[in-house]
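Given next are the chains, with one letter for each unit.
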Amino acid sequence: MIQEVRFYDDAADERLKFAVILSRFAGKWVFCKHRDRDTLEVPGGRREPGEAILETARRELREETGAERFHLRPICVYAVVREGGESCGLLCWAEIEALAPELHCEIEKVLLMEDLPERWTYPDIQPELLREAARRGFGGGAHGED
């Protein structure tokens, strides 16, 4: 059970286990529908051994959305607090310029949406990430660099 979502400006690299990427394409939010779920989620995933955390973000964005050209920028570190402690990840922002016509992963489809979804895969986490990103100035315009 999730107790809290915390935000940090930075954390030791070895603490970052995953990357999540809030994304926009053509002025719309980008969400993913995993083939085994009926909810929507933000692109992201686990860091592979030896992988730089920004490369995790780039890889997950490509795999889960089909993003071919994009500008990616870190926003902050976040931690999901459970009874066993904190699990930390990097929250990023991406402006996607081009999407591949086809996906080759566990994601069934990518949805481009004007509004935020009603049914989240991680309802205790992902809306909090969006609020924090907006608080830090991310959420609608073009931001960042690749």
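Residues numbered from 1 in each chain as written. Predicted model: local features only at pLDDT ≥ 70, side-chain atom pairs only at ≥ 80, totals over all residues. Heavy atoms only, no water.

K.L.:
Just give me the short version of helix H2 (residues 126-135), but keep the residues and values in it.
P.N.:
One full turn of an α-helix is made of 3.6 residues, so residues set three or four places apart face in the same direction. Burial in H2 covers these residues: Gln 126, Pro 127, Leu 129, Leu 130, Glu 132 and Ala 133. Taken together, the buried residues of H2 touch strand E1 (4-8), strand E2 (16-25), strand E3 (28-34), strand E5 (67-82) and strand E6 (85-99). Backbone geometry just downstream of H2 places Gly 137 in the positive-phi region, at approximately 95°. (Buried < 20%, exposed > 50% of the residue type's maximum accessible area, 1.4 Å probe, protein only. Helix = DSSP H or I, 4+ residues; strand = E, 2+ residues; numbered from the N terminus. Contact = heavy atoms within 4.5 Å.)

K.L.:
I'd like a rundown of the pairing of E2, residues and numbers included.
P.N.:
Within a regular beta strand, the side chains point alternately toward one face of the sheet and then the other, so they alternate between its two faces. Of all 10 residues in E2, 9 are buried; the element is thus mostly enclosed. One ladder, built from 9 bridges, connects E2 with E6; its direction is parallel. Following the sheet pairing, Ala 19 is matched in E6 by Leu 90. Here E2 pairs with strand E4 (residues 44-46) via 3 bridges, running antiparallel. Each bridged residue has a counterpart across the sheet, and for Phe 18 the counterpart in E4 is Arg 46. As judged from the 2 bridges shared by E2 and E3, these two strands associate in the antiparallel manner. Counterpart to Phe 25 in the pairing with E3 is Lys 28. Counting the residues in the hairpin turn of E2 and E3 gives 2 residues, including Ala 26, whose phi is positive at 50°. (Pairing = 2+ DSSP bridges.)

K.L.:
Residues and numbers for the state of the cysteines, please.
P.N.:
Throughout the structure, instances matching the rule amount to 0 disulfides. For the unlinked cysteine Cys 76, the closest cysteine sulfur is that of Cys 92, found at 9.2 Å. When its relative accessible area of 2% is taken as the criterion, Cys 76 is described as buried. Its sulfur unpaired, Cys 105 is 7.4 Å from the next cysteine sulfur, which belongs to Cys 32. (Disulfide = S-S within 2.5 Å.)

K.L.:
If you had to explain the nonpolar core to someone new, which residues and values would you point to?
P.N.:
Core analysis: the biggest nonpolar cluster contains 21 residues, and Leu 22, Phe 31, Ile 75, Tyr 78, Leu 91 and Leu 129 have the highest contact counts within it. The set of elements that each furnish at least two residues to this core consists of E2, E3, E5, E6 and H2. In terms of residue count, the dominant contributor to this core is E5 (4 residues). In this view, Phe 31 contacts Leu 40, Glu 41, Val 42, Lys 109, Val 110, Leu 111, Met 113, Asp 115, Leu 116, Pro 117 and Trp 120; residues no more than four positions away in its chain are not counted. By size, the runner-up hydrophobic cluster in this structure holds 19 residues, among which are Leu 16, Ala 19, Leu 61 and Leu 72. (Core = buried A, V, L, I, M, F, W, Y, C linked by side-chain atoms within 4.5 Å.)

All we've got here are geometric facts, nothing functional implied.
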